[in-house]
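Spelled out from the first residue to the last, the chains are:
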Amino acid sequence: MLNPGKAVKVTIYLSEGSTHHGVPIYSSILDFLFYRGIAGATVTKGIAGFGADHHMHSSNLIDISDHLPIKIEFIESRETVDAILGKLEEMAGTGLVETQETNIAKAAQTSRARPKVQPEHLKIEGKAQMMRIYLSEEDRWNGKPLYKALVEAMRANDIAGVTVYRGILGYGAHRRIHQDESLFSSHRSSLMLSAIDTAEKLRAFLPMVDQMVEEGLVVFSDVDIIKYAYRAPDAPKEAASPAHDADAE
Amino acid sequence: MKEQFSGRMVRVHFGEDDRWQGKPLYEAIVARCKELDIAEVIVFRGIEGFGSGSRIRRSGHWTFSKDAPIQLSIIDTDEQIARLLPILGTMVEEGLVATSTVDAIRYRRSSASS
């Protein structure tokens, strides 16, 4: 929760039409901020403007524009901003990112504690935990499949790895049997997400699961990590395959 | 609604062509679990594997082979799993049943959501 006093205001300027993996950039940035537990963020759409390319973009009806300026603003503590700024700059692509010292006179009130996840990508060895989340393929969160949103949220919080499995038959909290009738048309299967990381990081992620999963089962078990390797951006190729099946029960 | 409990996970491994009273064994087990009101059951089909008897099982896409490896994952409290295990013992003729201890959280939609 933000406290009155010094803070940082971050403003990101984008073009409405710019996309990141097929999704509007502003929407993936907003999801990222949410997953990382940012206190609040606002997206505003401009009616006219120009950016680095010096093209004037306006909402003139004659050329229906999908390049209107978009502005995302949020206010957070200096540490939180520093922790996510690198990733934000990468996500903003050609857009402009501005930070500004600000002062909070009155903090917004929240009814519940927000999730606080330690983002450091730790090297894990030995004891770890596996978190399995059971849900239905039909479950949705903010207009997208819940399993996808959970994977994105785990990725945003640097959970070491997650795999989604589709069951061919199953039932869960709602007692409806899900059967994968046709290989090609079923979107109603039972799903299981399996994620491995340290107990602390998975427990820290749990408040996010609380917020996103309305119906389902989450199961924790202890595992021993035998090998954990991941490919750093410039590491040689033979360096890695995620040892994600170190399931020692 | 959020409910925490400590329980057990059972994983049962066998082949897709294994049968119980004329129907696929995995369907029979899921139906039996439902009768016992077991909390969570999910069936996975593997793409390759081997188990007891060391026959390699494959889900051949082109041959329509039905002998893919099957894994059931069943989760509930210790008491519920204790009721289920003897039944699994009679139903699974050839296969592997493994259990492990888990901490579970169950989320349920309720009219008065917390």
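Residues numbered from 1 in each chain as written. Chains lettered and ligands numbered in written order. Predicted model: local features only at pLDDT ≥ 70, side-chain atom pairs only at ≥ 80, totals over all residues. Heavy atoms only, no water.

How should the interface of chain A and chain B be read in this particular structure?
The extent of an interface is frequently quoted as the accessible surface area lost upon association of the parts. On the side of chain B, 31 residues touch chain A, which itself brings 34 residues to the contact. Between chain A and chain B, the buried area comes to about 2,900 Å², and carbon and sulfur atoms account for 56% of it. Connecting chain A to chain B are 4 salt bridges. Across the salt bridge formed by Glu215(A) and Arg109(B), the nearest N and O atoms sit 3.1 Å from each other. Between the two partners, chain A and chain B, sit 14 residue pairs in polar contact (both at pLDDT 80 or more). Ranked by the residues each element gives to the side of chain A that touches chain B, the list is headed by strand E16 (residues 216–225) of chain A, at 6 residues. (Contact = heavy atoms within 4.5 Å. Buried area = accessible area lost by both parts, 1.4 Å probe. Salt bridge = Lys/Arg side-chain N within 4 Å of Asp/Glu carboxyl O. Polar contact = N/O pair within 3.5 Å; in protein donor to acceptor, adjacent residues only side chain to side chain. Helix = DSSP H or I, 4+ residues; strand = E, 2+ residues; numbered from the N terminus.)

It is not clear to me how the packing of helix H1 (residues 25–35) of chain B against helix H2 (residues 78–91) of chain B should be interpreted in this structure. Could you clarify?
Axis angle and axis distance: for two packed helices, these are the angle between their axes and the distance between the axes, and together they describe the pair. Residues and elements named next belong to chain B. Interaxial distance between H1 and H2 falls to 11 Å at its minimum, and their mutual angle equals 160 degrees. Here H2 runs roughly antiparallel to H1, going by the angle between their axes. By crossing handedness, the relation of H1 to H2 is classed as right-handed. In this structure, H1 uses Leu25, Ala28, Ile29, Arg32 and Cys33 to contact H2, whose residues at the interface are Leu84, Ile87, Leu88 and Met91. Taken together, the residues that form the contact of H1 with H2 break down as 8 nonpolar, no polar and 1 charged. (Axes fitted to C-alpha atoms, helices over the stretch in contact; angles between N-to-C directions. Parallel < 35°, antiparallel > 145°, perpendicular 65-115°, else oblique. Left-handed = near helix turned anticlockwise from the far one by under 90°. Nonpolar A, V, L, I, M, F, W, Y, C, P; charged D, E, K, R; others polar.)

I would appreciate a short explanation of the confidence of the model for chain A in the present structure.
Detailed reading of the predicted model is not advised wherever pLDDT is low. Per-residue confidence for chain A averages 81 on the pLDDT scale, and 76% of its residues sit at or above 70. Predicted confidence for residues 235–249 of chain A stays below pLDDT 50, and this span has 33 contacts to residues more than four positions away or in other chains. (pLDDT = per-residue confidence, 0-100.)

Help me out: how do you make sense of the environment of Ser110(B) in this one?
All names here are of chain B. Secondary-structure assignment places Ser110 in the segment after strand E8 (96–107). Judged by its relative accessible area of 29%, Ser110 falls in the partly exposed class. Along the primary structure Ser110 and Lys2 are separated by 108 residues, whereas in three dimensions their C-alpha atoms are 9.9 Å apart. (Buried < 20%, exposed > 50% of the residue type's maximum accessible area, 1.4 Å probe, protein only.)

When you look at the nonpolar core in this model, what are you seeing that I'm missing?
Nonpolar side chains tend to gather and get buried jointly when the protein is soluble and globular. Counting 45 residues, the largest nonpolar core has Ile29(A), Leu33(A), Ile133(A), Met212(A) and Val218(A) as the members making the most contacts within it. Broken down by element, the residue count for this core peaks at 7 residues, all from helix H3 (residues 146–156) of chain A. When neighbours within four sequence positions are excluded, Val218(A) is seen to be in contact with Met131(A), Arg132(A), Ile133(A), Leu206(A), Val209(A), Asp103(B), Ala104(B), Ile105(B) and Tyr107(B). Ranked by size, the runner-up nonpolar core spans 25 residues in total, among them Tyr26(B), Ile38(B), Val43(B) and Val92(B). (Core = buried A, V, L, I, M, F, W, Y, C linked by side-chain atoms within 4.5 Å.)

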